[in-house]
Amino acid sequence: MAGRNGRTVRDLRRGNRTAVLQRLYFDGPLSRFELGPATGLSSGSVSNVVADLIADGLVEEAGSVDSDGGRPRTLLRVAPHSGQMIGVDVGETRVRVELFDLALTELARVERPLAPQGYDAEVIAGHIRDGVAEVLTAEEAAPDRLLGVGIGVPGIVEHTPDRGAVVHGQTIGWDAVPLERLLRSSSPLPEGVPYFIDNGAKTLGQAEMWFGAGRGARNAVVVLFGSGVGACLVTPEVEHGRAVEWGHLTVRVRGRRCRCGAPGCLEAYAGAESLLARWREEGGRPPEGTDEETALTAMLAAAYPSEGTAPDPVALAVLEETAEYLGAGLSDLINLFQPERILIGGWAGLQLGTRFLPAVRRHAATYALRHPADKVTIDLGRLGPDAVTVGAAILPLADFFAGGGRRPEPATQDRLPAWRAALRERAPH
């Protein structure tokens, strides 16, 4: 039966469950007494919802706290082991797959290195399928409690009714790749287990806003600085973030050719791939036969050597110029969106770290309008190299909350043994 506003009793029940689960997750443990003001629900509604969630195994007791003159109040929390999520980071140098419980504690991890320009869509899909199977055969995995698989990818993601998530990744040679369909074509996971595919900068932003340096900010931009660069904008109007192709702003007319094919993009000057290429072009000597992360480490060591050793002037000049390009690029974000915070993450951003940050801040202030520049802080993200996988795992977690703790029904009990056997067969030995 629908009320005047069109909401049914089922909608109201789901909304109440969502409110209680979210408050317990972000602010818990809490007592039933505290949940009332925190959710806006009556004490009777709180009691009913909590009883349902405990019966479903989603909420558990977590000790007690003294009350004013009465009996101790029982504290409640979301049960960490009542669900699991998989987060996947399709990065520039590797595919990382991680299994988490509801508290986002890592239970298992698999990494597959990628060869340079190794972005064949079938190969990537195979790495994801094998990685999912492998983490789900880990000792602590519970495939029957899997809420979904979240995947962060480079590029623009379009969700279509006939092909699912389609990825447009011009810099990696992906032209409308139906990634979801590729994953489902030979996956041991049943149709009931959802895939959530989104831009990697957006999943990074989601993680930092929920659990990292973005908590409490209403307006923020989270920057992904890796082989290339991207960004995610979070505002009250775009609560879960919107990926912006920041790396393809033009910073120099008739400039260096970007991976996307256009001249003068920010990514052609500020991404780690272009940074290393410029060092080589200017006479530097990146170590041969190594991946980008190792080469960037060598470049930093050359530019900022230990005491008593002269710095490599070419490496130092290229890094200083890159800091100016990054700062100028951040000034565009400051002028356009006037955020409270800008957070820099990604493997290259973390590697350059605090050594790079003062120069980037200085250049951003130089190029930005004074009023918005005075109101923004620029810092590093706090979640480290796993931020994209954590953010990807948040995608099924957010869907779980929105559904009031609704779990997918991946397999009935009589199908679970066959499913587990299929996972073991798929997982590499």
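Residues numbered from 1 in each chain as written. Predicted model: local features only at pLDDT ≥ 70, side-chain atom pairs only at ≥ 80, totals over all residues. Heavy atoms only, no water.

The helix and strand tally for the protein stands at 14 helices and 16 strands. Over its C-alpha trace the protein gives a radius of gyration of 24 Å, about what one expects of a compact globule, namely 22 Å for 429 residues. A separation of at least 24 residues holds for 60% of the contacts in the protein among residues at least 6 apart in sequence. Counting every atom, the protein has about 20,000 Å² of accessible surface; 48% of that belongs to carbon and sulfur. (Helix = DSSP H or I, 4+ residues; strand = E, 2+ residues; numbered from the N terminus. Rg over C-alpha atoms; globule rule 2.2 N^0.38 Å. Contact = heavy atoms within 4.5 Å. Areas by Shrake-Rupley, 256 points an atom, 1.4 Å probe, with all protein chains shown as cover.)

Across the sheet, which stays open at both edges, the three strands sit in the order β1-β3-β2 with antiparallel pairing between neighbours. On the outer flanks of this sheet lie β1 (30-31) and β2 (59-65), each paired with one strand and no other. Relative to strand β3 (residues 73-78), β1 runs antiparallel, the two sharing two bridges. The residue of β3 that forms the bridge with Leu 30 is Leu 76. Sheet contacts for helix α1 (residues 9-27): β1, β2 and β3; angle to β3, the most-contacted strand, approximately 95°. (Pairing = 2+ DSSP bridges. Axes fitted to C-alpha atoms, helices over the stretch in contact; angles between N-to-C directions.)

Grouped together as the largest cluster of nonpolar side chains are 48 residues, with contacts concentrated most on Trp 246, Met 299 and Leu 330. When residues in this core are grouped by element, the largest group, nine residues, is from helix α10 (residues 313-337). Once you skip the residues sitting within four places of it in the chain, Leu 330 turns out to touch Val 223, Trp 246, Ile 342, Ile 344, Val 360, Ala 364 and Ile 378. Listed in part, the 36 residues of the second largest apolar core include Val 88, Ala 108, Val 157 and Ile 197. (Core = buried A, V, L, I, M, F, W, Y, C linked by side-chain atoms within 4.5 Å. Buried < 20%, exposed > 50% of the residue type's maximum accessible area, 1.4 Å probe, protein only.)

Turning to the pairing of strand β13 (residues 229-235), a few remarks are in order. Of all the seven residues making up β13, seven are buried; the element is thus mostly covered by neighbouring parts of the structure. Of the two faces of β13, both are covered, the one formed by Val 229, Ala 231, Leu 233 and Thr 235 as well as the one formed by Gly 230, Cys 232 and Val 234. Relative to β13, strand β12 (residues 220-225) runs antiparallel, the two being bridged by six bridges. Looking across to β13, one finds that Leu 224 is bridged to Gly 230.

Turning to the packing of aromatic side chains, a few remarks are in order. All chains considered together, the criterion is met by eleven aromatic pairs. Taking 5.4 Å as the distance between ring centres and 85° as the angle between the ring planes, the aromatic pair formed by Tyr 25 and Phe 26 counts as edge-to-face. The exposure class of Tyr 25 is buried, given its relative accessible area of 15%. For Phe 26, a relative accessible area of 23% translates into the label partly exposed. Pairing Tyr 25 with Phe 401 gives two aromatic rings, centres 5.1 Å apart and planes at 65°, and the pair type is edge-to-face. (Phe/Tyr/Trp six-rings, centres within 6.5 Å; stacked < 30°, edge-to-face > 60°.)

Backbone torsion omega between Gly 28 and Pro 29 reads 5°, so that peptide bond is classified as cis. With respect to the helices, strands and loops of the structure, Pro 29 is situated in the loop between α1 and β1. At Ala 176, a residue that is not glycine, the phi angle is positive and equals roughly 55°. Along the polypeptide, Ala 176 turns up in strand β10 (residues 174-177). The partly exposed category is assigned to Ala 176, whose relative accessible area is 21%.

Attention now moves to the pattern of salt bridges. Opposite charge on two side chains allows them to pair when their charged atoms are near. In the structure shown here, the tally under the stated rule is 22 salt bridges. For the salt bridge of Asp 386 with Arg 109, the shortest nitrogen-to-oxygen distance reads 2.6 Å. Pair noted here: Asp 386 is in the loop between β16 (377-380) and α13 (387-402) and Arg 109 is in strand β6 (residues 106-113), with a separation of 277 residues, a long-range link. Of the charged contacts in the structure, one is a salt bridge between Glu 267 and Arg 259, with a shortest N-O distance of 2.8 Å. Overall, Glu 267 belongs to the buried group, its relative accessible area being 5%. One continuous salt-bridge network, built from bridges that share partners, spans Arg 94, Arg 96, Glu 98, Glu 106, Arg 109, Glu 111, Glu 293 and Asp 386. (Salt bridge = Lys/Arg side-chain N within 4 Å of Asp/Glu carboxyl O.)

When the pLDDT values of the protein are averaged, the result is 87; 92% of them are 70 or greater. Taken element by element, the predicted model of the protein shows its lowest mean pLDDT in helix α14 (residues 416-426) (50) and its highest in helix α12 (residues 370-375) (96). Every residue in residues 411-420 scores below 50 in pLDDT, and together they form 14 contacts with partners more than four places removed in sequence or on other chains. (pLDDT = per-residue confidence, 0-100.)

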